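# A look at the structure
So you can see what is in the structure, the chains are spelled out below.
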Amino acid sequence: MIKLMVVDDEHWIREGLKRTIDWSSHGIQFIGDAEDGCKALELIEAHVPEIIISDIKMPTMDGMDLMEEIKKRGIDTKVIFISGFSDFAYAQKAVKLGAFDYILKPVEEPILLEIIERCISEIKQKQELNSRLQELSGRIRESLPLARQKHLEMCLTRSLTEREMQSAWEALHINLDPKRLIVMAMVVHEWGNREMDESGCSLMRYALGNLVEEVLSQKGIRCLACPLQGNDFADIALIASLSEPDTSFGFENLYRYMESVIEDALQVLGVRISIGISGLRERTQLASSFREALTISMNYLVRGPGQVHTVPMDGSSAGYGSKPRPAEQLDYRMAACMGQLAADVLLTDHKADSLDSALSNRILHAMKLMDAGRLSELLDVQTGLLQELIQQTPAIAVRYEMNMHISILLSKWQELLQAKDQSKASTITHQRKLQLYRCSIGDWKAMIMDTFLIKDTHAPSIAHKRTIETALRYIHDNYHLGISLHNVAEKIYMNPSYFSRVFHEEVGETLSRYLIRIRITKAKELLEQTPLKVYEVADRVGYRDFRHFVKTFKEWEGMTPAQYRNYGA
């Protein structure tokens, strides 16, 4: 309700206004009255009324002084003056100074209520406007990250002038050093155990971006993540600014932090990623840096997923994953710096040997016949040719052609399913398609066979059980070596993502959790039965990072390893 008070030195006027009008029926709460301006101020400070009906002439503090004091204190209220005929000139002056209106004595109820209604209407209009402004302000705050992301995407794909970028960065609150920027391209190879649709994968990109921003923020590095929802080669772009005056030291630290990010993404989110890091440049060269980061990240095609890749020490195509060196010494004669990305993916004549139409047709024919043996032989041939090709051709160009081949397979596969009326039973999920577009050459054969061979879902899982038994033996023999899901899957010649699902179905928990259980159990034995130091125990059970071991042990057992040794379970 609208709050109202009356200020007048004549008691009968105050009482008359208070009692003769049914204020509540007009949506008004009568909060009190005062006999002069000084006493009125105490009431105003306590209740902040929206409307004040005040006499102009009063002892101690008159109406004009009261209105002036209200303005000084920043109180937003409407003042309606009551004046005698002799004070009419004062009333007119008061209106010019900001009073809402005035009424001549004696006060007539219809006239007063008409002014009150206008006053209420104006108050509600202002409240509605403020509400809309607050809503608009909230929407602007909510849309700011989206606007920032759209602008960063533009910076990464187009050449912009310094003037264009400066005004946009100021408006979007992009707080990065424009002279010392590094771009990182993050590629997601495995999305965890749970199947996700396009929306779920999009949310995971945001989660990964937030993870990197948080990790680097804790290390004093400013970074902004830009999820890439439709990029052919990467899932997230990260723009970071180095603060260390020693560029070499800054690169070393960033490399180490991103290795930690890869481990955290796998442990916390169950997601396997690779990261490519560009050299140091100014913001007007972000597009070049992004192309470089994309190209460098493609080293996973040979080295496999789960690694950080940087500019090679000698600027050649060898030395994948080598430590970075100072920016002023970097050799930028790599494919990423050739100008447009389209130019980067132009292949040499070698492409016909590995991904030509004849071999593709034979692969499609084997898929159509569900001939696993023949398909395996053809994919072995194709994998060997791809391994030869990548020694002579930029990795990003090989990735481009592999993705084109995957697109053809998906299209032909859909036609095959429609012909066999098996679309419901064998639909390829969005998540699996992404994994196909991001697999390494080493995983190429397993991914294609696992995706494009229709399986009898009712067949007995004896083969699965034997596979898991082999995997379990390998895990128990090698857990202390810091093995991961990828290592185990490679040992049993199975695609990591598919193996992860089979393991969970057969064992009842994820492989990462199973590994933790084994390692913590063995760690407890060593803490109880040996005098080994805690960091030695961590190393014995496969944890190379002592702090990660202590954190995991505490999460698992509810106490630190030292506490466990001192107090027992």
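Quick notes on the rules
Residues numbered from 1 in each chain as written. Predicted model: local features only at pLDDT ≥ 70, side-chain atom pairs only at ≥ 80, totals over all residues. Heavy atoms only, no water. Helix = DSSP H or I, 4+ residues; strand = E, 2+ residues; numbered from the N terminus. Buried < 20%, exposed > 50% of the residue type's maximum accessible area, 1.4 Å probe, protein only. Contact = heavy atoms within 4.5 Å. Areas by Shrake-Rupley, 256 points an atom, 1.4 Å probe, with all protein chains shown as cover. Phe/Tyr/Trp six-rings, centres within 6.5 Å; stacked < 30°, edge-to-face > 60°. Lys NZ or Arg CZ within 6 Å of the ring centre and 35° of its normal. Polar contact = N/O pair within 3.5 Å; in protein donor to acceptor, adjacent residues only side chain to side chain. Core = buried A, V, L, I, M, F, W, Y, C linked by side-chain atoms within 4.5 Å. Pairing = 2+ DSSP bridges. Axes fitted to C-alpha atoms, helices over the stretch in contact; angles between N-to-C directions. Parallel < 35°, antiparallel > 145°, perpendicular 65-115°, else oblique. Left-handed = near helix turned anticlockwise from the far one by under 90°. Nonpolar A, V, L, I, M, F, W, Y, C, P; charged D, E, K, R; others polar. Expected span 1.5 Å × (residues − 1). Arc of directions from axis to C-beta.

## Considerations on the overall build of the protein chain
- On a plain count of helices and strands, the protein chain comes out with 24 helices and 10 strands.
- A burial count over the protein chain gives 49% of its 569 residues as buried.
- Taking the intrachain contacts of the protein chain between residues at least 6 apart in sequence as the baseline, contacts between residues at least 24 apart amount to 69%.
- Split by element, the accessible area of the protein chain, about 28,600 Å² in all, is 50% carbon and sulfur.

## Considering the packing of aromatic side chains
- Within the structure shown, the criterion is met by 5 aromatic pairs.
- An angle of 80 degrees between the planes, with centres 5.6 Å apart, marks the rings of W413 and F452 as edge-to-face. One end of the pair, W413, is in helix α15 (residues 395-420); the other, F452, is in helix α17 (residues 441-452), with 39 residues separating them in the sequence.
- Looking at W413, the relative accessible area reads 2%, which means it is buried.
- Here the aromatic residues Y543, F549, F553 and Y564 are joined through ring pairs into a cluster of three or more.
- It is R283 that lies over the ring of W169; its NZ or CZ is 5.0 Å from the centre.
- Positioned over the ring face of Y543 is R519, at 5.7 Å from the centre of the ring.

## Quick look at the side chain of H405
- The topology assignment puts H405 in helix α15.
- A polar atom in the side chain of H405 sits 3.4 Å from the side chain of Q382.

## Quick notes on the nonpolar core
- In terms of nonpolar packing, the biggest core is built from 60 residues, with W169, L286 and F452 touching the most fellow members.
- The element best represented in this core is α15, accounting for 10 residues.
- The next biggest cluster of nonpolar side chains, apart from the first, holds 35 residues, and it includes M196, L208, V271 and L280.

## Structural notes on the sheet that holds strand β9 (residues 272-277)
- What the 5 strands build is an open sheet, ordered β7-β8-β6-β9-β10; its pairing is mixed. Each having just a single partner strand, β7 (222-227) and β10 (308-309) make up the two edges of the open sheet.
- Relative to β9, strand β6 (residues 181-190) is paired through 6 bridges, and the arrangement is antiparallel. Pairing of V188 across the sheet is with I273, part of β9.

## So, the side chain of D101
- Mapping D101 onto the fold places it in strand β5 (residues 101-104).
- In this structure the side chain of D101 is engaged in a polar contact, spanning 2.5 Å, whose partner is the side chain of R118.
- Setting aside anything within four residues of it in sequence, one finds D101 in contact with V79, I80, F81, V95, I115 and R118.

## Regarding the environment of S407
- Along the chain, the position of S407 falls in helix α15.
- A sequence separation of 30 residues divides S407 from Y437, and the C-alpha atoms of the two residues are 8.8 Å apart.

## A word on the packing of helix α13 (residues 357-369) against helix α14 (residues 372-389)
- Look at α13 against α14: their axes get within 9 Å of each other, and the N-to-C directions meet at 150 degrees. Between α13 and α14, the angle is such that the two are roughly antiparallel. Viewed along their axes, α13 and α14 form a crossing whose handedness is left-handed. Mapping the contact onto sequence places L359, R362, I363, A366 and M367 in α13 and R374, L375, L378, L379, Q382 and L385 in α14.
- Of the residues in the contact of α13 with α14, the class split is 8 nonpolar, 1 polar and 2 charged.

## As for α13
- In a regular helix each residue adds 1.5 Å, so 13 residues correspond to 18 Å; α13 covers 18 Å between its end C-alpha atoms and thus fits that length.
- Taken as a whole, α13 has its buried residues at L359, S360, I363, L364, A366 and M367. Viewed along the axis of α13, the buried residues span an arc of 160 degrees, placing them on a single side of the element. Of the exposed residues in α13, the ones pointing more than 90 degrees away from its buried face are S357, K368 and L369.
- Directly after α13, the chain includes M370, whose backbone phi takes a positive value near 55 degrees.

## What about the sheet that holds strand β1 (residues 2-7)?
- Read across the open sheet, the 5 strands follow the order β2-β1-β3-β4-β5; overall the sheet is parallel. Of all strands in the sheet, those bounded by a partner on one side alone are β2 (28-34) and β5. Sheet twist, expressed as the average angle between the axes of neighbouring strands with direction ignored, equals 20 degrees.
- Across 6 bridges, the pairing between β1 and β2 is parallel.

## Examining the packing of α14 against α17
- Packing of α14 against α17 brings their axes to within 9 Å, and their N-to-C directions diverge by 155 degrees. Comparing the axis directions of α14 and α17 gives the class roughly antiparallel. The handedness of the crossing between α14 and α17 is right-handed. For the pair formed by α14 and α17, the contact residues are A372, L375, S376, L379, D380, Q382, T383, L386 and Q387 on the first element and I441, W444, K445, I448 and M449 on the second.
- Residues belonging to the contact of α14 with α17 are distributed by class as follows: 8 nonpolar, 4 polar and 2 charged.

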